[in-house]
Amino acid sequence: MRWQLPVTQNKTITCRNDLGQLKTHGPEQRYVSPTTGACRKLVVQAVNPRGESEVAIRNHINQARKTAIWLTDNSPPQWRRIIKWIILWSWFTCLLTMKLIWMIVCLFVLIIIPDLADDIGEDTEVHDTGYYKLYVRRFHGQLWAARSRMEHSSSSRFIEEGEVDIRTQTLYPRLLIIYDPIRNEWVPCADRDIIIRTNFVAISFSRKDVCPKGPNEETEKAQFIEEVRAAVLGQKYNAYWLDLECVGETQSEKNVDLYCMADVYRGAEVTMIMLGKSAAGENECWKSWGERVWTMPEALLSRRLCYKFRDREEVTPLSLFELANLAYTNYHDEQAIINAYSGKDPLERLERLTLLKSAIWRRRMAPPSLPPRVAPPPSQLDMVGEHSAINGPCKADRVYALMGFFEHRIRPNHFEDELHALVRLSMANDNDRIVERMVSMLPPTITETACWYSDEDIYCANLWDILPVIQVAGITEHGALVIDGCRVAAIRWKDFPEIAFGTTNSLKRSVIGFLPYLSWPTLIIGLGTITTRSLVGGITLIAVALVLLLLSPWMFVFHHSGRIVRTQPWFIGVKGVISITEVERHLYGDATGHFPRMSFTPSGSQFSVPERSTERGGSFEQYDQAKLADSGQDAGHIYTLIDTCSSTMYYFRAERPPTVCIFAGREGGLGRFVLCSERCDINELHKESVLRMPMEISEKMELCGWVALG
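Residues numbered from 1 in each chain as written. Predicted model: local features only at pLDDT ≥ 70, side-chain atom pairs only at ≥ 80, totals over all residues. Heavy atoms only, no water.

A.B. asks: Can you help me understand the overall build of the protein chain in this one?
C.D. replies: For the protein chain, the helix and strand inventory stands at 22 helices and 29 strands. Split into buried and exposed, the 710 residues of the protein chain put 50% on the buried side. Per element, the accessible surface of the protein chain, about 34700 Å² overall, is 55% carbon and sulfur. (Helix = DSSP H or I, 4+ residues; strand = E, 2+ residues; numbered from the N terminus. Buried < 20%, exposed > 50% of the residue type's maximum accessible area, 1.4 Å probe, protein only. Areas by Shrake-Rupley, 256 points an atom, 1.4 Å probe, with all protein chains shown as cover.)

And the structure:
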């Protein structure tokens, strides 16, 4: 039974916050607040809001900035807006006065009580820590299989009583069938001293050509064994290995035989391929044999090859190149693998293993309804205690066939599926880090469970192109990866926060920006001068004050119009497609200039379009393409992510709004950032999309503990 949090009968979910406190809520999408650590209902700002959980786009720009920019944009005011303009202008001047009074009070307090200077400084800095908002939830379930032997693995309870650890290097089969000339019969031999001194033939075949299921299965099986024995003696050998006879009866023996399968074919003097009857068509016989999961490792790991049709006597030698032409339908991929193993065209280790995985995954175990290049959906584990599959075929056979090519193999577990076995194999061979690389890939379709699994990448990157920066600590019982060492940040969806930013300083902007704060003091002094000293001087001061008050919105805007050189890091999400101009207005308000502060990504998302000019940049065409997609079949699933640190915008597709961003790897000069939604009921994250963003922003993301990606 999978680990999960309790669910009541009224379609409510009980989850835990970051402190382990229980909370009950509805089934709507939730997120963990980076400020309080509480589980909250996700509210999404949208270009076209629909439903209770979506709101119009809004921001928290400083009221003085927001008022100033409205006054400057609506000047001179139309006659219908004169009253509103005067009211807002008066309010703006009052805001400036209150800010001036606050500055004077703070200065006075600091002069009287200097010890408060440090405390006040800390309060002002707390809004801009220099980091993105942290994701505060951690994985607190149990692991099915762990990387470290010090961790508890729940899969250990499926080990049969009396089963011992298998040696990591087993060089000989557990059992051979050897001919005894004295008794003139074939006998099984399990004596290791005899086995290691015996040259033997390994038999490769397709079961459906030998003993298909039916009433005559046992008769045909016995007939096939006699044919094998005659062929072995005809090749001047007196021993052979055939899985119909040599694979054990108990699960412990089966696990040992499965683990040693690669060593059987490595140790055999020759591998004999037993094909069906040529009368049915030679091509059909080769095709039937080549579609089997195990035929690829059986052939590649063998020293020499030969083949024989059941209705012919001759045994013909065979090379790997001839085999590729005869038996394999995906010729180019298989030919590349064969060239690598023959030394003709060596491949990098990870590339070779990746091609092998693809070739084995295309074999017969794949569901017939899927196209050959589509990854099979994740298998579901049988519920322990309800069904035992000990006597059936292994659900992870393809992984066990693949593991013969790895330096370190895993002990077979009949209760695990392919995904669990693949993760265990990857953890055992840490240098390859296959699963860690898969996390950073974005497949055309993300499955509902085991979202980390990927055979393809829409960015056209290969598995070996990605350099992971995370480590898999283990896998849970229902297929979620538990990863460590990742940098994680929260994504804000409810609105645009008030962004702390710094602009370039100049004496001109500083002086002009200070003048509006002198307007009210000058007016008060002018009024006082009229009543006490000089009428002319008072009127002059009043006139200067009124001019300053009238021009204060423009001076305030000009003061904040310098080039933005530092911005508080934020990930901000919007449902729908929003333009750069609108984003800048919501982010920076009155900070205007003659340059773009936000830009499109040239290659960071599926909608990216690079500029074709001499300078690298993102084309504005992606805005139109994203708008088109949002009005077509992907309507309601197009989102915008704004990164204030790099001042870049990304359009992407997702099933749900992602609330967490994970830096998972590097590729092609950019970082791979996985966008995830949260599943508080099972304490997991779910991959929604992957973006390619500048790697330097990862330095603004804080390291996180274990998180589950399922």
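Alright, that's what it looks like, and here's the rest.
A.B. asks: So what exactly am I meant to see when it comes to the nonpolar core here?
C.D. replies: Buried together is how nonpolar side chains tend to be arranged in soluble globular proteins. Grouped together as the largest cluster of nonpolar side chains are 139 residues, with contacts concentrated most on Ile203, Tyr240, Trp286, Leu323, Trp452, Phe571 and Ile662. Per-element accounting of this core gives the leading share, seven residues, to helix α14 (residues 349–361). Those residues in contact with Ile203 that sit more than four places away from it in its chain are Phe224, Val228, Val232, Tyr240, Trp241, Leu242, Tyr265, Met272 and Met274. If you look at the next biggest cluster of nonpolar residues, it comprises 21 residues, including Ile57, Phe607, Ala626 and Ile642. (Core = buried A, V, L, I, M, F, W, Y, C linked by side-chain atoms within 4.5 Å. Contact = heavy atoms within 4.5 Å.)

A.B. asks: Would you mind going over the sheet that holds strand β9 (residues 185–189) with me for this structure?
C.D. replies: Picture the strands of a sheet paired through backbone hydrogen bonds; they go either parallel or antiparallel. In space, the seven strands of this open sheet follow the order β9-β8-β11-β10-β12-β13-β14, with mixed pairing throughout. The open sheet terminates on both sides in strands that have one partner only, identified here as β9 and β14 (316–318). When strand polarity is set aside, the average angle formed by the axes of neighbouring strands in this sheet is 30°. Where strand β13 (residues 305–309) meets β14, three bridges bridge the pair, whose relative direction is antiparallel. Paired with Cys306 across the bridge in β14 is Pro317. Set on the sheet, helix α10 (residues 282–290) makes contact with β10 (201–205), β12 (270–275), β13 and β14; between it and β12 the angle comes to about 120°. (Pairing = 2+ DSSP bridges. Axes fitted to C-alpha atoms, helices over the stretch in contact; angles between N-to-C directions.)

A.B. asks: Even after reading the chapter, I still don't get the pattern of salt bridges, so can you show me in this structure?
C.D. replies: A side chain of one charge can pair with a side chain of the opposite charge when the charged atoms of the two come close. Counted by the stated rule, this structure contains 25 salt bridges. Among the salt bridges present, the one from Glu667 reaches Arg692, with a minimum N-O distance of 2.9 Å. One end of the pair, Glu667, is in strand β25 (residues 660–667); the other, Arg692, is in strand β27 (residues 684–693), and 25 residues separate them in sequence. Looking at Arg692, the relative accessible area reads 8%, which means it is buried. (Salt bridge = Lys/Arg side-chain N within 4 Å of Asp/Glu carboxyl O.)

A.B. asks: Teacher, can you tell me more about the side chain of Glu667 here?
C.D. replies: The class of Glu667 is buried, set by a relative accessible area of 11%. Engagement of the side chain of Glu667 in a polar contact is seen with the side chain of Arg692, the distance being 2.9 Å. (Polar contact = N/O pair within 3.5 Å; in protein donor to acceptor, adjacent residues only side chain to side chain.)

A.B. asks: So what exactly am I meant to see when it comes to the confidence of the model for the protein chain here?
C.D. replies: Where the model shows low pLDDT, its predicted coordinates should not be examined in detail. This prediction gives the protein chain a mean pLDDT of 80; 84% of its residues lie at or above 70. Taken together, the stretch residues 160–165 has pLDDT below 50 and engages in eight contacts with residues farther than four places along the chain or on a different chain. Here residues 365–391 is modelled with pLDDT under 50, and outside its nearest four sequence neighbours on either side it reaches 47 contacts, counting other chains as well. (pLDDT = per-residue confidence, 0-100.)

A.B. asks: Looking at this structure, how should I read unusual backbone geometry?
C.D. replies: Trans peptide bonds make up most of the peptide bonds, and negative phi angles are found at most residues other than glycine. One non-glycine residue with positive phi stands out, namely Cys460, at about 65°. Given the relative accessible area of 71%, Cys460 is considered exposed. Its identity is not glycine, yet Asn683 carries a phi of approximately 60°, on the positive side. Mapped onto the fold, Asn683 is located in the loop between β26 (670–679) and β27.

A.B. asks: Where do I start with the packing of aromatic side chains in this structure?
C.D. replies: To describe a pair of aromatic rings, you give the distance between the ring centres and the angle between the ring planes. Throughout the structure, instances matching the rule amount to 15 aromatic pairs. Pairing Trp241 with Tyr265 gives two aromatic rings, centres 6.1 Å apart and planes at 70°, and the pair type is edge-to-face. With a gap of 24 residues between them, Trp241 in strand β11 (residues 239–241) and Tyr265 in helix α9 (residues 261–267) connect regions that are remote in the sequence. Of the two residues, Trp241 and Tyr265, neither departs from the other in class, the shared state being buried. With centroids separated by 5.6 Å and ring planes inclined at 85°, the aromatic side chains of Trp493 and Tyr639 adopt a geometry described as edge-to-face. (Phe/Tyr/Trp six-rings, centres within 6.5 Å; stacked < 30°, edge-to-face > 60°.)

A.B. asks: Explain the packing of helix α18 (residues 507–514) against helix α20 (residues 535–559) to me, please; I cannot follow it from the model alone.
C.D. replies: If you want to describe how two helices pack, look at the angle between their axes and the distance between the axes. Two elements in contact, α18 and α20, have axes whose closest approach is 8 Å; the angle formed by their N-to-C orientations is 145°. As α18 runs across α20, the sense of the crossing is left-handed. Facing α18, whose interface residues are Lys508, Arg509, Ser510, Ile512 and Gly513, α20 presents Met555, Phe558 and His559. For the contact of α18 with α20, a count of residues per class yields three nonpolar, three polar and two charged. (Left-handed = near helix turned anticlockwise from the far one by under 90°. Nonpolar A, V, L, I, M, F, W, Y, C, P; charged D, E, K, R; others polar.)

A.B. asks: What's the story with a positive patch on the surface in this structure? I'm lost.
C.D. replies: Taken together, Lys23, Arg40, Arg58 and Lys494 make up a surface patch of like positive charges. Positionally, Arg58 belongs in the loop between β6 (54–56) and α1 (63–73). (Patch = residues over 30% accessible without salt bridge, like charges linked within 9 Å, V, L, I, M, F, W, Y side chains within 5 Å. Lys, Arg positive; Asp, Glu negative; His and termini not counted. Charge placed at Lys NZ, Arg CZ, Asp CG, Glu CD.)

A.B. asks: Help me out: how do you make sense of a nonpolar patch on the surface in this one?
C.D. replies: Nonpolar side chains collect at one region of the surface, where Leu107, Phe108, Ile111 and Ile112 lie side by side and expose about 460 Å² of accessible area between them. By secondary structure assignment, the location of Ile112 is in helix α2 (residues 82–112). Judged by its relative accessible area of 53%, Ile112 is exposed.

A.B. asks: Looking at this model, I keep getting lost on helix α16 (residues 418–428). Mind explaining?
C.D. replies: Note on helix geometry: an α-helix contains 3.6 residues per turn, so any two residues three or four positions apart are oriented the same way. Burial within α16 is extensive, with ten of its eleven residues counted as buried. Each element contacted by the buried residues of α16 is listed here: β7 (145–146), α14, α15 (397–402), α17 (434–439), β16 (471–475) and β17 (481–484).

A.B. asks: I keep staring at the pairing of β25 and nothing clicks. Help me out?
C.D. replies: One face of the sheet, then the other: side chains in a regular strand alternate in exactly this way. Of all eight residues making up β25, seven are buried, and the element is well covered by its neighbours. Both strand β15 (residues 467–468) and β25 contribute to a ladder of two bridges, which runs antiparallel. Paired with Leu467 across the strands is Arg666, a residue of β25. Strand direction decides the pairing type here: strand β18 (residues 487–490) and β25, joined by four bridges, are antiparallel. Bridging from a neighbouring strand, Ala490 pairs with Val660 of β25. As judged from the seven bridges shared by β25 and β26, these two strands associate in the antiparallel manner. Across the sheet, Cys661 pairs through a bridge with Leu675, a residue of β26. Counting the residues between successive antiparallel strands, the hairpin from β25 to β26 contains two residues, one of them, Gly668, with a positive phi of roughly 60°.

A.B. asks: How should I be thinking about the packing of helix α19 (residues 519–532) against α20 in this particular structure?
C.D. replies: One can describe the packing of α19 onto α20 by two numbers: an axis separation of 7 Å at closest approach and a directional angle of 160°. Comparing their axes, α20 and α19 come out roughly antiparallel. The two elements α19 and α20 meet at a crossing, and its hand is left-handed. Seen from α19, the contacting residues are Ser519, Trp520, Thr522, Leu523, Ile525, Gly526, Leu527, Thr529 and Ile530; seen from α20, they are Leu535, Gly537, Gly538, Ile539, Leu541, Ile542, Ala545, Leu548 and Leu549. Grouping the constituent residues of the contact of α19 with α20 by class yields twelve nonpolar, six polar and no charged. (Parallel < 35°, antiparallel > 145°, perpendicular 65-115°, else oblique.)

A.B. asks: It is not clear to me how the pairing of β27 should be interpreted in this structure. Could you clarify?
C.D. replies: The element β27 is extensively covered by neighbouring structure, given that ten of its ten residues are classed as buried. Note: β26 against β27, nine bridges, orientation antiparallel. Residue Glu678 lies in a different strand from β27, and its bridge partner there is Leu685.

A.B. asks: How should helix α22 (residues 621–630) be read in this particular structure?
C.D. replies: Taken as a whole, α22 has its buried residues at Gln622, Ala626 and Ala629. Along the axis of α22, the buried positions cluster into a sector of 60°, meaning they face one direction only. Lining the buried residues of α22 we find β22 (599–600), β23 (638–643) and β24 (648–653). (Arc of directions from axis to C-beta.)

A.B. asks: What is the right way to look at the side chain of Thr601 in this model?
C.D. replies: For Thr601, the position within the fold is in the loop between β22 and α22. Polar side-chain contacts of Thr601 include one of 3.4 Å to the backbone nitrogen of Ser603. Thr601 has contacts with Ser608, Val609, Gly618, Gln622, Thr648, Met649, Tyr650 and Arg692, leaving out every residue within four places of it along the chain.

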